[in-house]
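Coordinate inspection notes
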Amino acid sequence: MCKEKEEIAILQEENRLLKEELAVYKQMVQDISAPIIPSIIPETILVPITGKLSHDRFEAIISSLLNACYGNEVQTVIIDFTAISKKEIGETAVLGQSIDHLVNSLNLMGAETFLVGFTPDFTQELMRSGMRIRSDLNTFLTFRSALQYLMKKKGITFA
């Protein structure tokens, strides 16, 4: 009986350690699935989005971006969806709402948001989700075109 208790205690400790390790890996995946990259343009960050999109994932991305904007005085956020294909779109019904919530949250923080890299499939899914097209929505086909627009707007030139 005593040996069984020892084995159970060992298994419980092993289980606890595995759960801690899993939490570390989950955080690591979350951190690299929406990295925040400083841009060559001051007060501007690039956020390439990769992986499966879901409501919970968008909430984590929003939280991360709001903290980055607040802590670094970010004025412009360029969110790149180039790596998102139809198979990465989880809940089509909330996709448009999630992107709208993302843009509105960043706007409340005073950050202008540029969305880039919508593929034809991704665009069709956005329209199916009921996303409303807003006149203040800044969308560009590529990250490069968004940077060129922003540089022109800010009067920045590179030789």
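Thresholds, definitions, all that
Residues numbered from 1 in each chain as written. Predicted model: local features only at pLDDT ≥ 70, side-chain atom pairs only at ≥ 80, totals over all residues. Heavy atoms only, no water. Helix = DSSP H or I, 4+ residues; strand = E, 2+ residues; numbered from the N terminus. Contact = heavy atoms within 4.5 Å. Pairing = 2+ DSSP bridges. Phe/Tyr/Trp six-rings, centres within 6.5 Å; stacked < 30°, edge-to-face > 60°. Buried < 20%, exposed > 50% of the residue type's maximum accessible area, 1.4 Å probe, protein only.

**Let's talk about the environment of Leu137**
- With respect to the secondary-structure elements, Leu137 resides in the loop between helix H4 (120-128) and strand S5 (138-140).
- Setting aside its immediate chain neighbours within four residues, Leu137 contacts Val103, Leu115 and Met131.

**Quick notes on the sheet that holds strand S2 (residues 44-48)**
- On the basis of which strands lie adjacent, the open sheet formed by five strands has the order S1-S2-S3-S4-S5 and mixed pairing. Either end of the sheet is taken by a strand with one partner, and the two such strands are strand S1 (37-38) and S5.
- Across three bridges, strand S4 (residues 112-116) lies against S5 in parallel orientation. Within S5, the residue paired with Phe114 across the bridge is Asn138.

**Regarding the packing of aromatic side chains**
- Following the criterion strictly, the structure yields six aromatic pairs and no others.
- Here the aromatic rings of Phe81 and Phe118 are separated by 5.3 Å at their centres, their planes lie at 45°, and the arrangement is tilted. Residue Phe81 is found in the loop between strand S3 (76-80) and helix H3 (92-108), and its partner Phe118 is found in the loop between S4 and H4; the two are separated by 37 residues along the sequence.
- Judged by its relative accessible area of 1%, Phe81 is buried.
- Relative to Phe140, the ring of Phe114 has its centre 5.2 Å away and its plane inclined at 45°; by these criteria the two rings are tilted. In this pair, Phe114 is assigned in strand S4 and Phe140 in strand S5, connecting sequence segments 26 residues apart.
- Overall, Phe114 belongs to the buried group, its relative accessible area being 0%.
- Here a set of aromatic residues connected by ring pairs shows up, and it is made of Phe81, Phe118 and Phe122.

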